[in-house]
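The primary structure of each chain is shown beneath.
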Amino acid sequence: MQEVSSYHEELINRISPIVENLFKGNNLYEIKLNQLEMSQMLVELFGQFSREEMRKIKDDDLIDRIDSILILEAVSGTLNDLTPEQIKMYDEAVKRK
């Protein structure tokens, strides 16, 4: 059990600063997402990788992966905020493309 908790701590120590830095530079994240919840979700998600697999992921690659996930999380709720009229306009614009 000690092995699992130390790996969990390692993930938190690696992922949390990345999430914090990405939030600092992005108003959309600050408005749409909860930083602590996103950090916890990402630690759980990346916890599915083995310790060795995680160590092989370079920092730049990890930052890109986390940023992509945060973008998806932030934008996925955006359509829920639209009025029925805005959704209709969105649907029509998509059909034209």
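See the structure above.
The shown structure was predicted, so the numbers you read here are calculated from the model rather than taken from an experiment.

Undergrad: I'm lost on the overall build of the protein chain in this one. Help?
TA: Of regular secondary structure, the protein chain possesses six helices and zero strands. The secondary structure elements of the protein chain, listed N-terminal to C-terminal, are α-α-α-α-α-α. What you see for the protein chain is a C-alpha radius of gyration of 17 Å, clearly larger than the 13 Å of a compact globule of 97 residues, by over 25%. With the C-alpha coordinates of the protein chain rotated into their principal frame, the extents come out at 55 × 25 × 25 Å.

Undergrad: It is not clear to me how a nonpolar patch on the surface should be interpreted in this structure. Could you clarify?
TA: Taken together, Leu-28, Ile-71 and Val-75 make up a surface patch of nonpolar side chains, about 230 Å² in accessible area. By the secondary structure assignment, Ile-71 is in helix H5 (residues 59-76). Residue Ile-71 is classed as partly exposed on the basis of its relative accessible area of 41%.

Undergrad: Explanation requested: the environment of Glu-44 in the structure shown.
TA: Position of Glu-44 among the secondary structure elements: in helix H3 (residues 35-46). Classification of Glu-44 by relative accessible area gives exposed; the value is 62%. Here the alpha-carbon distance between Glu-44 and Leu-33, two residues eleven residues apart in the chain, equals 17 Å.

Parameters and conventions
Note on numbering: residues in each chain are counted from 1, in written sequence order. Owing to the predicted nature of the model, reporting of local features is limited to residues with pLDDT of at least 70; listing and counting of side-chain atom pairs is limited to 80 or more, with chain, interface and lining totals taken over all residues. Based on all heavy atoms of the structure, the side-chain values leave hydrogens and waters out of the count. Think of it this way: any DSSP run of H or I at least four residues long counts as a helix, any run of E at least two long counts as a strand, and we number them from the N terminus. Only C-alpha atoms enter the radius of gyration; for comparison, a globular chain is expected to reach 2.2 Å times N to the power 0.38, where N is the number of residues. Here a patch means residues that are over 30% exposed by relative accessible area and free of salt bridges, tied together within 9 Å if like-charged and within 5 Å if nonpolar (Val, Leu, Ile, Met, Phe, Trp, Tyr). Only the protein chains shown count as cover for residues, and all accessible areas are computed by the Shrake-Rupley method using a 1.4 Å probe. Any carboxyl oxygen of Asp or Glu within 4 Å of a side-chain nitrogen of Lys or Arg constitutes a salt bridge here. A 1.4 Å probe rolled over the protein chains alone gives each residue an accessible area, and that area as a share of the maximum for its type sets the label: buried under 20%, exposed over 50%, partly exposed in between.

By themselves, these observations are geometric and do not establish any function.
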